[in-house]
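Chain by chain, the residues run as shown.
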Amino acid sequence: MASIQAPKGTYDVLPPEAERRSILESHVHRIFGGAGYRRIETPAFEATELFARGVGSATDIVQKEMYSFDDGGGRSMTLRPEGTAPICRAYIEHGMHKLPLPVKFWYLGSFFRAEQPQKGRYRQFWQVGAEVIGAGGPETDAEIILLLAELLDAMGVKGTRLRLASLGNPETRIEYRDELTAYLRAHASELSVEVRARIDLNPMRAFDASDRGTQAVMANAPKLLDRLAPDDAEHFDQVKTLLDAAGIRYELDPTLVRGLDYYTRTLFEFTSDALGAQSGVGGGGRYDRLIEQLGGQPTPGIGFAAGIERILLAGAEQPIAPDPVDLFVIVGDRENRRAGVAGFELAREARQAGLAAQLELGARSMKGALKHADRINARYVAIVNDEQSATLKDMDTGEQQDLEAIRVIATILRGSRLA
Ligand code: ATP
Ligand code: MG
């Protein structure tokens with residue numbers, strides 16, 4: 001029969017790779033947990049309406065990247081393409097405004113987008129992110145950026161750059177959008193067909209275009225950063241001052257555009273030279289209108305999301321020490337059922353005594369089993385001869401001794417570094 005493969009754009013996380021992810025997760029625990037952020041997990045799918053409202057119906061994500069399906073009862077559901085809208089939904093749904101504010105979350109999980117798969121771009125991918133809800137001050141913006149920088153640093157992500165901008169408030173943006181749209185119309189003949197077709201839908205996206213003609217037009221386009229309202233400009237100045245104080249380097253990028261409609265004020269993205277075409281490692285921004293947009297009280301918020309595959313691709317190779325094996329148990333005569341029970345029990349009791357114990361499960365010959373014990377770096381091997389007696393071999397010294405099976409664990413505990 002033909003074999004079945006994982007769907008296009010998905011992949012298996014095999015053990016060595018899974019271990020690198022555990023290392024990443026432990027850094028997240030340390031860095032974000034240490035700063036008072038706590039883990040949150042939301043469902044893998046949500047009402048489609050949540051993303052239409054919470055990400056924005058004009059965005060690429062909602063327009064063409066969502067996996068939506070009927071839940072069987074006529075309701076449209078969507079595999080979550082991002083984490084912010086679900087977390088804001090949870091914040092509102094659980095009345096978390098009653099908690100001491102701000103509430104600070106981190107999350108780590110898989111997300112889904114119908115994209116053309118390539119290196120660093122998948123249909124099921126993983127993100128780590130954080131959100132701070134209920135704090136609007138610039139120190140929150142700077143803290144979020146700082147913590148993400150620390151995580152990337154801990155993972156040894158090479159060649160990072162931080163791009164920074166401010167989107168101001170939605171009212172300023174509407175005025176700016178009109179100005180930009182008029183400018184694009186005046187230069188329509190120089191734009192790519194795709195950009196021209198989307199002038200009205202999403203003019204900001206023109207800054208992202210990769211064709212020369214559009215890029216030349218955009219180099220002289222009006223910039224939102226030059227149009228900020230005084231309080232937004234003041235907020236942005238303070239964010240920059242705090243980042244300077246923390247020694248975080250950034251580049252102002254007035255063309256920075258990100259996929260959410262409800263971003264306000266600070267916007268940022270880390271890229272890495274080590275990544276090639278999919279250079280975005282992670283980014284985020286402030287979303288002071290989002291909670292209201294989802295039916296809650298007006299509440300400021302800010303967060304980021306970073307792609308785990310991209311962190312690992314651009315990150316340092318971390319030497320992964322295999323799990324230590326204190327004891328490897330081999331049953332000498334597999335035909336002897338009582339010896340089989342004794343070997344099984346020995347491994348079980350060894351684990352209860354706090355040893356990392358493995359039982360030979362591979363039906364290997366004695367020679368093969370000893371070779372395997374050596375390969376996995378077992379500290380001791382116990383060969384269970386029958387229900388009473390065993391041979392214990394110290395794999396470091398090569399010494400071996402015959403002893404009663406019930407004495408094996410005590411002997412190891414006395415003799416090993418675990419004693
Ligand atoms: P891109 O421009 O690469 O499509 P994006 O702006 O869509 O990124 P966000 O929605 O901000 O990305 O998601 C945050 C991070 O999640 C990205 O910086 C990237 O590291 C990662 N990411 C986004 N989409 C994918 C994907 N399809 N596969 C793998 N990682 C992804
Ligand atoms: Mg994208």
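As the structure is a prediction and not an experimental result, all values here were calculated from the model.

How would you summarise the overall build of the protein if you had to cite specific residues and measurements?
From N to C terminus, the protein includes 14 helices and 16 strands. With respect to the principal axes defined by its C-alpha atoms, the protein has extents near 90 × 55 × 45 Å. Taking all 419 residues of the protein together, the buried fraction comes to 49%. A separation of at least 24 residues holds for 69% of the contacts in the protein among residues at least 6 apart in sequence. In the structure as shown, the protein presents an accessible area of about 21,100 Å², 50% of it carried by carbon and sulfur atoms.

Please give an account of the sheet that holds strand S6 (residues 124–133) that cites residues and values.
Strands sit in the order S1-S5-S6-S11-S10-S9-S7-S8 across an open sheet of eight strands; the sheet is mixed. The open sheet terminates on both sides in strands that have one partner only, identified here as strand S1 (38–39) and strand S8 (251–252). Taken together, the six bridges between strand S9 (residues 264–272) and strand S10 (residues 280–286) define a ladder with antiparallel strand orientation. Note on S10: the bridge partner recorded for Thr264 is Arg286. Contacting S1, strand S5 (103–112), S6 and strand S11 (301–307), helix H1 (residues 15–34) runs over the sheet at an angle of about 160° to S5. The strands touched by helix H5 (residues 138–154) within the sheet are S5, S6, strand S7 (160–166), S9, S10 and S11, with S9 carrying the most contacts at an inclination of about 10°.

About the thresholds
- Residues numbered from 1 in each chain as written.
- Chains lettered and ligands numbered in written order.
- Predicted model: local features only at pLDDT ≥ 70, side-chain atom pairs only at ≥ 80, totals over all residues.
- Heavy atoms only, no water.
- Helix = DSSP H or I, 4+ residues; strand = E, 2+ residues; numbered from the N terminus.
- Buried < 20%, exposed > 50% of the residue type's maximum accessible area, 1.4 Å probe, protein only.
- Contact = heavy atoms within 4.5 Å.
- Areas by Shrake-Rupley, 256 points an atom, 1.4 Å probe, with all protein chains shown as cover.
- Pairing = 2+ DSSP bridges.
- Axes fitted to C-alpha atoms, helices over the stretch in contact; angles between N-to-C directions.

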